[in-house]
Amino acid sequence: PLGIIGLLTALFAVLVGIYPMNYVDPHTFAALTFFQLGLLTNLLYSIVIILSKRHPFPKWLAIPGLLYVLAFAWFTLFPDLIPTDGDFRQGMEGFLANRPDVFILAVVEWILVLSVLIWILLMGIYLTLHRGRQATPAQDPLPVSR
C-alpha cells in the first residue's frame, strides 16, 4: 500500500512540473494532491520505521521523515494562513499578474522540496553504506538486496 501511495505521489509531482503556475487550476490540483499524498506517504512510512521490527532502516531515520511531514503540513496549511478577500484561485492569479521578487509561498514550497531531497538522500546513503553488510536473518530480517 505504501508503494502505491508513493507512486501516486510521484505521479502528481511530475504533473506539478507539466502544469506550471500559468495554468492555475491544474497546477493547484496537482500540487495540493502531491503535498497531501506526500504528507500521508511519509507519515505512514515514518510510523512503519518506528514501529516495525522487520524493516531495513534504523529508527533514527524516522526523525528526518517526521520533519519532512512537518514541512508538508506547513505547506498544506500555508495558503489558509494568508488573509485574502477572494478565493485561493483569485489570489494566485493576482500574485501571477504582479509577482513579487520573493514569493513566500514559493520559499515554503522550496523548503519542502529540499526536505524531500534530504530525506531521500539520507535513505540512499544509508542503503549504499549498508549494502555490502552480511547480516543474518536474526540480525536484519529484511536485508537490502544487491
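Our structure's up above, just so we're on the same page.
Note that the structure is a prediction, hence the values are computed from the model and not measured. (Residues numbered from 1 in each chain as written. Predicted model: local features only at pLDDT ≥ 70, side-chain atom pairs only at ≥ 80, totals over all residues. Heavy atoms only, no water.)

Trainee: Please provide a residue-by-residue account of helix α1 (residues 2-18), values included.
Mentor: Taking 1.5 Å of rise per residue, 17 residues should cover 24 Å, and α1 covers 24 Å from first to last C-alpha, within 8% of that figure. Each element contacted by the buried residues of α1 is listed here: α2 (24-51). (Helix = DSSP H or I, 4+ residues; strand = E, 2+ residues; numbered from the N terminus. Expected span 1.5 Å × (residues − 1). Contact = heavy atoms within 4.5 Å.)

Trainee: Break down the environment of L114 for me, with residues and values.
Mentor: Among the structural elements, L114 can be located in helix α5 (residues 104-129). Each C-alpha atom, one on L114 and one on Y68, is 9.3 Å from the other, the two residues being 46 residues apart in sequence.

Trainee: Can you tell me about a nonpolar patch on the surface, naming the residues and giving the values?
Mentor: Taken together, the side chains of L40, L43, L44, I47, I50, L51 and L66 make up a nonpolar region of the molecular surface, amounting to roughly 540 Å² of accessible area. Counting residues per element, the nonpolar patch draws most heavily on α2, which supplies six residues. Take I50: it is sitting in helix α2. With a relative accessible area of 38%, I50 lands in the partly exposed category. (Patch = residues over 30% accessible without salt bridge, like charges linked within 9 Å, V, L, I, M, F, W, Y side chains within 5 Å. Areas by Shrake-Rupley, 256 points an atom, 1.4 Å probe, with all protein chains shown as cover. Salt bridge = Lys/Arg side-chain N within 4 Å of Asp/Glu carboxyl O. Buried < 20%, exposed > 50% of the residue type's maximum accessible area, 1.4 Å probe, protein only.)

Trainee: Run through the packing of α1 against α2, naming residues and quoting values.
Mentor: Remark: α1 packs on α2, axes separated minimally by 8 Å, with the N-to-C direction vectors making an angle of 150°. Classed by the angle they form, the pair α1 and α2 counts as roughly antiparallel. Relative to α2, α1 is oriented so that their crossing is left-handed. Partitioning the contact of α1 with α2 into residue classes produces 16 nonpolar, six polar and no charged. (Axes fitted to C-alpha atoms, helices over the stretch in contact; angles between N-to-C directions. Parallel < 35°, antiparallel > 145°, perpendicular 65-115°, else oblique. Left-handed = near helix turned anticlockwise from the far one by under 90°. Nonpolar A, V, L, I, M, F, W, Y, C, P; charged D, E, K, R; others polar.)

Trainee: With reference to specific residues and values, describe the packing of aromatic side chains.
Mentor: Under the criterion given, the structure shown has six aromatic pairs. With a centroid separation of 6.0 Å and an interplanar angle of 75°, the aromatic rings of F12 and F29 are classed as edge-to-face. Residue F12 is located in helix α1, and its partner F29 is located in helix α2; the two are separated by 17 residues in the primary sequence. Owing to a relative accessible area of 55%, F29 belongs among the exposed residues under this scheme. (Phe/Tyr/Trp six-rings, centres within 6.5 Å; stacked < 30°, edge-to-face > 60°.)

From the geometry alone we can't say anything about function, so treat these as descriptive.
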